[in-house]
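# Structural features, examined
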Amino acid sequence: MKIAIVGGGITGLYLAWKLSQKGEEVTVFEKREKIGKEVCSGLFSERIFDFIPESKRLIQNEIKEVLIHFPKKTSRIVFKKSFFVIDHYRLDNLVAHLAQNSGAKIILNQKIDNFPKGIDRIIGCDGANSVIRGKLNLSEPRFFLSIQGFLERKDSSCSLETWATDSGFIWRIPRGENIEYGIMEDPIKAKNYFDKFLKEKKIYLLRKKAAIIPQTLIPIIPKNSRITLCGDATGLTKPWSGGGVVWSLISADVLLKNFPDFIKYKKEFNNFFLPKVVFSKIVKKIVYFSGRNFPWLLPKKIKIEGDFLF
């Protein structure tokens, strides 16, 4: 089949790699002039190695726990599976190389305004502001703003720290060669929250950048036999962290399993992810409410699965 993948991010490149290995004729259309996401913490659980074993050589640091700070309580969460800090830009280029070696064609500086013609299947992997989603007149997800910056100080500790905000959080990630600070919050509030936090902590960051993070209660996938969505274009990110790579790669495997039947893909996708999204959103609301109003209800230490709450 002739397949057009719109968007050369990690999900689109992974699909291009795997579909090319199956013998399909795959072309990736990327609107930017180069491959590689630059605004992302690149914090992935060890599951990333199940999808991309070669990514082990890109590890910068290992994270085993997270401290969640509320005004009157700090909870320590130990991960059942370790998380690893990996440069997202280098990871994307690694997968692009694997895709090209498998026969996929990647076209840069190619903005898609309409559905490509002469194509058997179209997969929109074009991120939070998906053009393909818009062309299909599908609903839009809610958007959060992510801002990140770096403190040029070496830190290879294994603890990630977060500070709860209204509907998101501020984070501190030791990346080995430096320390990353960032925020995920409502776009109207994010900058003021972050600036206030940095001022109070007397932290001066370099290389500040921002991006949007999509989230939705019901993942956005069309009921269409020829065109579908995957990755951030569906609005699928973890409700408690905004992370989307491992979930996106899992959804990509669901698509690969059911390819070329996009209707079966939609059904299996929803059956797997919808209960997890709903449950996670409920848990997040309970944790945030308890942390602010009844901090004694929160455990001092708990061990959980970092990618899924059940």
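For the structure, see preceding data.
Reference entry: report on the structure contained in this document.

Calculation notes
- Residues numbered from 1 in each chain as written.
- Predicted model: local features only at pLDDT ≥ 70, side-chain atom pairs only at ≥ 80, totals over all residues.
- Heavy atoms only, no water.
- Disulfide = S-S within 2.5 Å.
- Helix = DSSP H or I, 4+ residues; strand = E, 2+ residues; numbered from the N terminus.
- Polar contact = N/O pair within 3.5 Å; in protein donor to acceptor, adjacent residues only side chain to side chain.
- Contact = heavy atoms within 4.5 Å.
- Buried < 20%, exposed > 50% of the residue type's maximum accessible area, 1.4 Å probe, protein only.
- Expected span 1.5 Å × (residues − 1).
- Pairing = 2+ DSSP bridges.
- Salt bridge = Lys/Arg side-chain N within 4 Å of Asp/Glu carboxyl O.
- Axes fitted to C-alpha atoms, helices over the stretch in contact; angles between N-to-C directions.

### Things to note about the state of the cysteines
This structure, assessed with the given rule, holds zero disulfides. A disulfide-free cysteine, cysteine 230 has its sulfur positioned 5.2 Å from the sulfur of cysteine 125, the nearest such atom.

### Digging into the side chain of serine 20
Locating serine 20 in the fold gives a position in helix H1 (residues 10-21). Within polar-contact distance, the side chain of serine 20 engages the backbone oxygen of alanine 16 at 2.7 Å. In this structure, serine 20 is in contact with Val26, Ala99, Ser102, Gly103 and Ala104, ignoring residues within four places of it in sequence.

### Details of unusual backbone geometry
For the bond running from phenylalanine 259 to proline 260, omega is 5 degrees, close enough to zero to count as cis. If you trace the backbone, proline 260 turns up in the loop between helix H6 (245-258) and helix H7 (262-293). Here the phi dihedral of asparagine 137 falls at roughly 55 degrees; this positive angle occurs in a residue that is not glycine. With a phi close to 55 degrees, arginine 207 is a non-glycine residue in the positive phi region. As for its placement among the helices and strands, arginine 207 is situated in strand E12 (residues 206-215). Residue classification places arginine 207 among the partly exposed positions, given a relative accessible area of 48%.

### Some words on helix H3 (residues 88-101)
For H3, built from 14 residues, the straight-helix expectation of 20 Å at 1.5 Å per residue is met to within 8% by its first-to-last C-alpha distance of 20 Å. Those residues of H3 hidden inside the fold are in contact with H1, strand E3 (43-45), helix H2 (48-51), strand E5 (73-86), strand E6 (105-107) and H6. The backbone nitrogen of tyrosine 89 lies 2.9 Å from a side-chain oxygen of the residue at the head of H3, namely aspartate 87. Positive phi shows up at glycine 103, right after H3, with a value of about 115 degrees.

### Overview of the pairing of strand E10 (residues 169-174)
Note on strand geometry: in a regular strand, side chains alternate between the two faces of the sheet. Burial analysis of E10 places six of its six residues in the buried class, the great majority of the element. Judged by which residues are buried, E10 turns out to be covered on both faces: Phe169, Trp171 and Ile173 on one side and Ile170, Arg172 and Pro174 on the other are all buried. Where strand E9 (residues 159-164) lies against E10, four bridges are found, and the strand directions are antiparallel. Each bridged residue has a counterpart across the sheet, and for alanine 164 the counterpart in E10 is phenylalanine 169. Hairpin connection from E9 to E10: four residues lie between these consecutive antiparallel strands. When E10 meets strand E11 (residues 179-185), the two strands line up antiparallel, connected through six bridges. Bridge pairing in E11 links isoleucine 170 to isoleucine 183.

### As for the environment of serine 55
Looking at the element boundaries, serine 55 is found in the loop between H2 and strand E4 (59-70). Each C-alpha atom of the pair serine 55 and lysine 301 lies 31 Å from the other, and the pair is 246 residues apart in sequence. Residues within four places of serine 55 in sequence aside, it is in contact with Ile48, Phe49, Ile86, Leu91 and Leu94. In terms of polar contacts, serine 55 uses its side chain to reach the backbone carbonyl oxygen of isoleucine 52, at 2.6 Å.

### Comments concerning the environment of leucine 67
As for its position among the elements, leucine 67 is in strand E4. Residue leucine 67 is classed as partly exposed on the basis of its relative accessible area of 22%. Taking the C-alpha atoms as reference points, leucine 67 and threonine 162, separated by 95 residues in sequence, lie 6.1 Å from one another. Setting aside anything within four residues of it in sequence, one finds leucine 67 in contact with Thr74, Ser75, Arg76, Leu160, Glu161 and Thr162.

### Some words on the pattern of salt bridges
The full count for this structure, using the stated rule, is 16 salt bridges. In this structure, arginine 172 engages aspartate 155 in a salt bridge whose closest nitrogen and oxygen atoms are separated by 2.8 Å. Of this pair, arginine 172 sits in strand E10 while aspartate 155 sits in the loop between strand E8 (142-151) and E9, and the two are 17 residues apart along the sequence. Judged by relative accessible area, which is 14%, aspartate 155 ranks as buried. For lysine 208, the salt bridge is made with aspartate 195, and the minimal N-O distance between the two is 3.8 Å.

### Regarding the sheet that holds strand E2 (residues 25-29)
The sheet built from five strands is open, its strands ordered E6-E2-E1-E7-E13 with parallel pairing. What marks the edges here is a single partner per strand, and that holds for E6 and strand E13 (227-229). Each strand of the sheet is rotated relative to its neighbour by a mean of 20 degrees, with strand direction disregarded. Of the strand pairs in this sheet, strand E1 (residues 2-6) and E2 are connected by five bridges, and their pairing is parallel.

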